[in-house]
Amino acid sequence: MRKYIPKEFEKKWIETWQTEKTFTVSNDLTNVKKMYILDMFPYPSGAGLHVGHPRGYVGSDILARFYRMNGYKVLHPIGWDAFGLPAENAAIKAKRNPREITKENIANFKRQLKMLGLSYDWDREFSTTDPEYYKWTQWLYIKLFEMGLLHKKMTAVLYCPFCKTAVAQEEVSSDNTHERCQTSIETRDLPQWIFRITEYADRLVDELDGLNWPQGILEMQRNWIGRRTGVNIMYPVKDTTEEITCFTTRPETNFGATFIVLAPEHSFVKKILSGVMKVSAKHKVEIDTYVEKSISKSEQERITEQKKKTGVFTGFYAENRLDKKMMPIYISDFVLGNFGTGAVVGVPAHDKRDFEFAKAFNLEMISVVKPFVSEKNRDSKHGELPNTAQELFEDDGTIINSEFLNNLTTKEANVKIIHHLEDKGWGYAHKTYHLRDWIFSRQRYWGEPIPMVYCKTCAAQHISYWDTDRGKIFLEHNHNVSKVNKEVQENLYGWFPIDQESLPLELPYLESYEPNETGQSPLAKVKDWIETTCPHCGGRAERESDTMPNWAGSCWYFLRFADPHNKNEPWSKDSMKWQPVDWYLGGAEHAVLHLLYSRFWVKAFQDLKLLDFNEPFLGLRNQGMILAEDHRKMSKSWGNVINPDDVAEEYGADALRVYEMFMAPFNQEISWSTRSLEGS
């Protein structure tokens, strides 16, 4: 006969905590030790929770209870990240409005989380879809616009033909599919709102130091930002007035340069294609064919195909000013147009990609670095015999065959050659980044409306927001942090933010909101919503029809939890005493996207003096995934999903919580086992 019957007591205590508001906390932090413990707040899908989800929530709950027992005042809130493609696609399938489905999903998730006995402060609950919340998302968007961190321009974007919207680079999987729907990604030209996140690239790298995060996540952030320090070197093209600029991190090897490779998108290639740069008929046909084939590939395809180097000779040569040698100029799709300068100088004896290209096209290889005498004496300037012409050597060593650099170490030569190039005016020190500016437009319905208005009349007169009284006042008070430059202003002629008094700009209720192939949001068809008046001249204008991506609401929700009912501002100064988040728990799949975007916004808010700290999450931990009993990821299509409702009904929430914490180390992936659960 069973003695342990959890349903006889678990429900009682859950209801008691709720009635007595046991875990509700005030914002009075006078003479107390504070601890802010936060989950990456859930996206409430129609499927509800499966047993993999509570692992992180139980972990954070244990931390919250532990710190309360140790005398801390603990903020442990919960809310819902509910805008975005999954809810919209599900609603389209069900032929309903996504706000109705989202409301139902939230109610189910909330019921399940309460069933687990988690000690959340439910009085701070909100959803990113609440107008009272996204009013402040729109307000913050306007502040970032005023700062000059946003502009709108026609740009080549990654486009999902199934979801019918542009996506950010970070949302594309390694196999060039959209992470949301696994559809192959295309490239299209669309007018897009773009966040200039690259303005913060250095801070996003440098300020990772000191964070209590898993080393793997820190490295993923550093690698994604991909900062490289090197030199831009200019090479004059023979018999023309053109110069080609190449970025290199190893200028000390430049006496070994034997060719240049251009991306198919490079401006010099475009001049060949347009006939500005004259080539033979044979070369023109070969170049046209190669470029057309190359630009039809995705960036990811070009990266994965790099083992087999392809290319075409342009018929032009560039001069290496260091040794007066003429280097043939090729086009190859292993060079990407949006990375560095879109041009690479080939030093095949000391770079693997260059070596492979030189092998494929039978190009000269000149060894200019020889190994040190031994690993024990890497500072020696006297090494072994030089590499033979067909060998690859990528390590540091001693410089040879390089005139005034000979017998220096590679590090010494690097410093000397940079000074030499800068003194001669042949090059200059430069940094490049893998990070790209953030595409922030979505041609979908279910998202925060972008609070911007376009006036053709003002655009024709070249009037930007910063030419208006309101814009001038902002620049006057924020000139020290303004990112407004000539390019930003030119891209934004005629664009104005709506007045703060008009916020929130609410998403209209639509019966039909399916996306179309025109490249416009469904909102573009809603005439009475689109048409408005210009905030500047009072003439006819149109609202922006694109919406924000789901990342918008999750970029700053942790700040709002400190002051969720404030009707006058996104947060009060006093409420920020809770910040930053002390412990943040969630999945490692957010290593780049959410964490990077949140860090960017917080740094911009700090510059605007809205915050006095520079990092949102001091401590981060990732829970490992719980697989199904068949060792596969839980999925409705495979029929292997385990519902926590069923587990709690049979064994109780306490047994479920104990099992999830002791089934394996917290960050380890492991398969579910009902037999082991019975042990707990």
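Residue numbers restart at each chain and count upward from 1, following the sequence in its written direction. Whole-chain, interface and lining totals are the exception, using all residues; otherwise, since this is a predicted model, local features are given only for residues with pLDDT of at least 70 and side-chain atom pairs are given and counted only at 80 or more. To get the side-chain values, all heavy atoms of the structure are used, and hydrogens and water are removed first.

Brief notes about the overall build of the chain
A count of helical and extended segments in the chain gives 22 helices and 23 strands. Oriented by its inertia axes, the alpha-carbon framework of the chain measures out at about 85 × 70 × 50 Å. Think of it in three bands: with a 1.4 Å probe and only protein chains considered, a residue is buried below 20% of the maximum accessible area for its type, exposed above 50%, and partly exposed in between. Looking at the chain as a whole, 55% of its 680 residues qualify as buried. Considering only contacts in the chain between residues 6 or more positions apart, those separated by 24 or more positions represent 75%. In this text, helices come from DSSP runs of H or I with a minimum length of four residues, and strands from runs of E with a minimum of two, each type numbered from the N-terminal end. Residue contacts are counted whenever heavy atoms from the two residues lie within 4.5 Å of one another.

With respect to the nonpolar core
Soluble globular proteins tend to pack their nonpolar side chains together in the buried interior. Side-chain atoms within 4.5 Å link the members of a nonpolar core, which is a set of buried Ala, Val, Leu, Ile, Met, Phe, Trp, Tyr and Cys residues. One finds Trp438, Tyr557 and Trp601 to be the most contacted residues of the largest nonpolar core, which totals 102 residues. Setting aside chain neighbours within four positions, we find tryptophan 438 in contact with Ala168, Trp193, Ile194, Phe195, Ile197, Trp551, Cys555, Tyr597, Phe600 and Trp601.

Thoughts on the side chain of histidine 50
Tracing the chain through its elements places histidine 50 in the loop between β1 (33-39) and α2 (54-69). On the basis of relative accessibility, which here comes to 18%, the residue histidine 50 falls in the buried class. Nitrogen and oxygen atoms within 3.5 Å of one another constitute a polar contact, given that in protein one can donate a hydrogen and the other can accept it, and given that sequence-neighbouring residues count only through two side-chain atoms. From its side chain, histidine 50 meets the backbone nitrogen of glycine 52 in a polar contact 2.9 Å long. Aside from chain neighbours lying at most four places away, what touches histidine 50 is Met634, Val641, Ile642 and Pro644.

Considerations on the packing of helix α8 (residues 267-274) against helix α9 (residues 281-295)
Here the axes come from fitting lines to C-alpha atoms, over the contacting stretch only for helices, and the angles between their N-to-C directions go from 0 to 180 degrees. Packing of α8 against α9 leaves a shortest axis separation of 10 Å and a crossing angle of 125°. It follows from the interaxial angle that α8 and α9 lie oblique. Here the hand of the crossing between α8 and α9 comes out left-handed. Residues Val269, Ile272 and Leu273 of α8 touch α9, and the partners they reach there are Lys284, Ile287, Asp288 and Val291. Here the angle decides the label: under 35 degrees means roughly parallel, over 145 means roughly antiparallel, 65 to 115 means roughly perpendicular, and every other value means oblique. Crossing chirality is assigned from the near helix's rotation relative to the far helix, an anticlockwise turn below a right angle marking it left-handed and a clockwise turn marking it right-handed.

Focus on the confidence of the model for the chain
For the chain, mean pLDDT is 92; residues scoring 70 or higher make up 96% of the total. Here residues 380-388 is modelled with pLDDT under 50, and outside its nearest four sequence neighbours on either side it reaches 25 contacts, counting other chains as well. What pLDDT reports is the predictor's confidence in each residue, on a scale of 0 through 100.

Considerations on the side chain of arginine 599
The residue arginine 599 is located in helix α19 (residues 593-607) in this model. Among the polar contacts made by the side chain of arginine 599, one reaches the side chain of glutamate 615 at a distance of 2.7 Å. Contact partners of arginine 599, with chain neighbours within four places excluded, come to Arg203, Leu204, Glu207, Leu208, Trp213, Gln221, Glu615 and Pro616.

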